[in-house]
Amino acid sequence: MGMCLDLEGCGFANREKARFCAHCGIPLEGIFLQGRYEVQELALKERKTVTLRALDRHQGQSVLVRALIPQSATEGEREEFLQDAELAASLSERVEDPGSVRVLDYGQDGPLVFLIKAEQRGGAEIASRSTLNWPGMPRLVAKSSRWISMATMMPP
Ligand SMILES: [Zn+2]
């Protein structure tokens, strides 16, 4: 614990007992989100989100935590993120395709809103880029494509 997992973008040295980086707000290595997901490392950082590798202590499996970076998220974005996560999670319950990535859980812990995805072999999700940040994309399209990418996790 201590050093921010985002070494390049933040690198803030936190005090020993901190759970979240005091500078950017992302969780620190070794903390448990909701007492369940043990944060291990930063897998991907995007403009407004981070993806972290974590261990689900209940299931004993590796998962990916996708979260809004607290420092750069507004209250409205947090609410929207949770609504999208809820939708993606309920959709995932009905998806039987083993190739699609499932949203297993979502929630909030301290400053962080996050969703939990099953880890995909080969790092396809890590290699893929969000379509969210295309300049000039109409909001409706951006919203639906984000919804789809969250729900299916298909590379664009
Ligand atoms: Zn930080």
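The model shown is predicted, which means the values in this text are computed figures rather than measured ones.

**Quick look at the overall build of the protein chain**
Here comes step 1: Looking only at helices and strands, the protein chain features three helices and six strands.
Here comes step 2: Burial analysis of the protein chain (156 residues in total) assigns 28% to the buried set.

**Some points on the pairing of strand β2 (residues 37–45)**
Here comes step 1: In this structure, strand β1 (residues 32–33) lies alongside β2, joined through two bridges in antiparallel fashion. Each bridged residue has a counterpart across the sheet, and for F32 the counterpart in β2 is E38.
Here comes step 2: Where β2 lies against strand β3 (residues 49–56), seven bridges are found, and the strand directions are antiparallel. Bridge pairing in β3 places V39 opposite A54.

**Section: helix α1 (residues 75–94)**
Here comes step 1: In a regular helix each residue adds 1.5 Å, so 20 residues correspond to 28 Å; α1 covers 30 Å between its end C-alpha atoms and thus fits that length.
Here comes step 2: For α1, the complete set of buried residues consists of F81, A85, A88, A89 and S92. Buried residues in α1, looked at end-on, bunch into an arc of 105 degrees, giving them a common side. Along α1, exposed side chains directed more than 90 degrees from the buried face belong to E75, G76, E79, Q83, S90 and R94.

**Digging into the nonpolar core**
Here comes step 1: Formed by 31 residues in total, the largest nonpolar core has its most connected members in I26, V65, A67 and F114.
Here comes step 2: Sorting the residues of this core by element identifies β2, β3, β4 (61–68), α1, β5 (103–109) and β6 (112–118) as the ones contributing at least two each.
Here comes step 3: Excluding its chain neighbours within four sequence positions, the residues that come into contact with A67 are I26, T49, V50, L112, V113 and F114.

**Considering the sheet that holds β4**
Here comes step 1: The strand order β1-β2-β3-β4-β6-β5 describes an open sheet built from six strands, whose pairing is antiparallel. Among the strands making up the open sheet, the edge pair consists of β1 and β5.
Here comes step 2: With respect to the sheet, α1 is in contact with β4, β5 and β6, its orientation differing from that of β5 by roughly 155 degrees.

**Observations regarding the confidence of the model for the protein chain**
Here comes step 1: In this model, the protein chain carries a mean pLDDT of 82, and residues with pLDDT of at least 70 account for 74%.
Here comes step 2: Element-level mean pLDDT values for the protein chain span from 42 in helix α2 (residues 124–127) up to 98 in β1.
Here comes step 3: Within the model, the stretch residues 122–143 combines pLDDT values under 50 with 20 contacts to residues more than four positions away or in other chains.

**Some words on unusual backbone geometry**
Here comes step 1: Phi at Q34 is positive, roughly 50 degrees, even though this residue is not glycine.
Here comes step 2: Take Q34: it is sitting in the loop between β1 and β2.
Here comes step 3: On the neighbour-count criterion, Q34 (13 C-beta atoms within 10 Å) is partly exposed.

**Side note on the environment of Q40**
Here comes step 1: Tracing the backbone through its elements, the reader meets Q40 in strand β2.
Here comes step 2: In the structure, Q40 is positioned 35 residues away from L5 in sequence and 9.0 Å away in space, judged by C-alpha atoms.
Here comes step 3: Residues within four places of Q40 in sequence aside, it is in contact with E29, R53, A54 and L55.

**Details of the pairing of β3**
Here comes step 1: Linking two consecutive strands that pair antiparallel, namely β2 and β3, is a turn of three residues.
Here comes step 2: Between the antiparallel neighbours β3 and β4 lie four residues, among them G60 with a positive phi of about 65 degrees.

Criteria and thresholds
- Residues numbered from 1 in each chain as written.
- Predicted model: local features only at pLDDT ≥ 70, side-chain atom pairs only at ≥ 80, totals over all residues.
- Helix = DSSP H or I, 4+ residues; strand = E, 2+ residues; numbered from the N terminus.
- Buried ≥ 20, exposed ≤ 12 C-beta atoms within 10 Å, placed from the backbone.
- Pairing = 2+ DSSP bridges.
- Expected span 1.5 Å × (residues − 1).
- Arc of directions from axis to C-beta.
- Core = buried A, V, L, I, M, F, W, Y, C linked by C-beta atoms within 7 Å.
- Contact = placed C-beta atoms within 7 Å.
- Axes fitted to C-alpha atoms, helices over the stretch in contact; angles between N-to-C directions.
- pLDDT = per-residue confidence, 0-100.

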